[in-house]
Amino acid sequence: MDVIPTIAAFRQARTRYPTLGLVPTMGFLHEGHLSLVRRAKQECGAAAVSIFVNPTQFGPREDFSTYPRDMERDLAQLRSLGTDLVFTPDVNEVYPPGHATGVDVGVVTEPLEGAVRPGHFRGVATVVCKLFNITQPTRAYFGQKDAQQTVVIRKMVRDLDMPLEVVICPTVREADGLAMSSRNTYLAPAERQAAAVLYRALRAAEKRFAAGERNAEALRDVLRTTIAGEPVAAAPDYVSVADRDTLRELQTVTDGGALLSLAVRFGKTRLIDNIVVGG
Ligand code: PAF
């Protein structure tokens, strides 16, 4: 496994692989990331992982400086999976002085996370575009856990004719249903226990959908009511029943199905989760 901090050296190493699967990450890897690496390796023959905590996707009051980092543990895990290349640039390598260009993917970046975290998706799209240009992957792998991010990246790739396939993989969950996330490590024990309500709420809404409910507001109500039943959970930043591609809120769930998503704080930690119904 080659661990490469510079763009020039990565480009050189890249020439050894006819096909390459890329898993972009911000490190502090968990089973969710590792499942993406396994799939990349299996489908592409060679797997590259980028580890870069991208400052431009964090707001001024967000957790950039405290975001969990453990490079040694990450590299050991990646080595054990047979990862071929790991790209570990520092901030100056990605954003040298004078860097100014950004990628704005438009309306799909505006609702949900975009409404609560202005500028977040410009930061994500810009760094992912740069990572694609640097690593030239055949396929790039992302988790469904960050549902809006997957919509934004798929749209960017389509709109800008980027020559790669985007593969979205299922959310990996803990035994109680909590979606794996590097930020789960911030949770105090009582918050960690309470956080299982996110998936319980999604499953309750899914059950109502399966029983025939197609009114989107009724499904949002199930999400809100379930979250309200957990005292450690704050009122959600949003609960959403939206079109899976445009992310516009629905009145009625039709044959295309819907993305059910929500964002809730547990103490200082903000968690997101989602599920797709129908379609
Ligand atoms: O999902 C993440 O970890 C990040 O948003 C990504 C895609 C690596 C871009 O920094």
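Keep in mind it's a predicted model, so treat the numbers as computed, not measured.

Q: Before we move on, can you summarise the sheet that holds strand β4 (residues 85-87) with the specific residues and values?
A: With parallel pairing, the six strands of this open sheet are ordered in space as β1-β4-β3-β2-β5-β6. The sheet is open, and its two edges are formed by β1 (2-4) and β6 (165-169), each paired on a single side. Adjacent strand axes in the sheet meet at a mean angle of 25° when their direction is disregarded. Taken together, the five bridges between strand β2 (residues 21-25) and strand β3 (residues 47-51) define a ladder with parallel strand orientation. Its bridge partner lying in β3, Thr-25 is registered against Ile-51. Packing against the sheet, helix α1 (residues 7-14) makes contact with β1, β3 and β4, and its axis sits at approximately 160° to β4. Where helix α6 (residues 120-135) meets the sheet, its contacts fall on β2, β3, β4 and β5 (139-143), and the angle it forms with β2 comes to roughly 145°.

Q: Quick rundown of the site of the ligand? Include the residues and the values.
A: All residues adjacent to the ligand are Pro-24, Thr-25, Met-26, Asn-54, Gln-57, Val-127, Val-128, Phe-142, Asp-146 and Gln-149. Within the contact set of the ligand, an oxygen atom lies 2.6 Å away from a side-chain nitrogen or oxygen of Gln-57. Protein contacts shield 89% of the accessible area of the ligand, which totals 290 Å² for the unbound molecule. If you list the elements that add at least two residues to the shell around the ligand, you get β2 and α6. When the residues that make up the shell around the ligand are grouped by side-chain class, the tally is five nonpolar, four polar and one charged.

Reading the values: rules and limits
- Residues numbered from 1 in each chain as written.
- Predicted model: local features only at pLDDT ≥ 70, side-chain atom pairs only at ≥ 80, totals over all residues.
- Heavy atoms only, no water.
- Pairing = 2+ DSSP bridges.
- Helix = DSSP H or I, 4+ residues; strand = E, 2+ residues; numbered from the N terminus.
- Axes fitted to C-alpha atoms, helices over the stretch in contact; angles between N-to-C directions.
- Contact = heavy atoms within 4.5 Å.
- Near = heavy atom within 4 Å.
- Polar contact = N/O pair within 3.5 Å; in protein donor to acceptor, adjacent residues only side chain to side chain.
- Areas by Shrake-Rupley, 256 points an atom, 1.4 Å probe, with all protein chains shown as cover.
- Nonpolar A, V, L, I, M, F, W, Y, C, P; charged D, E, K, R; others polar.

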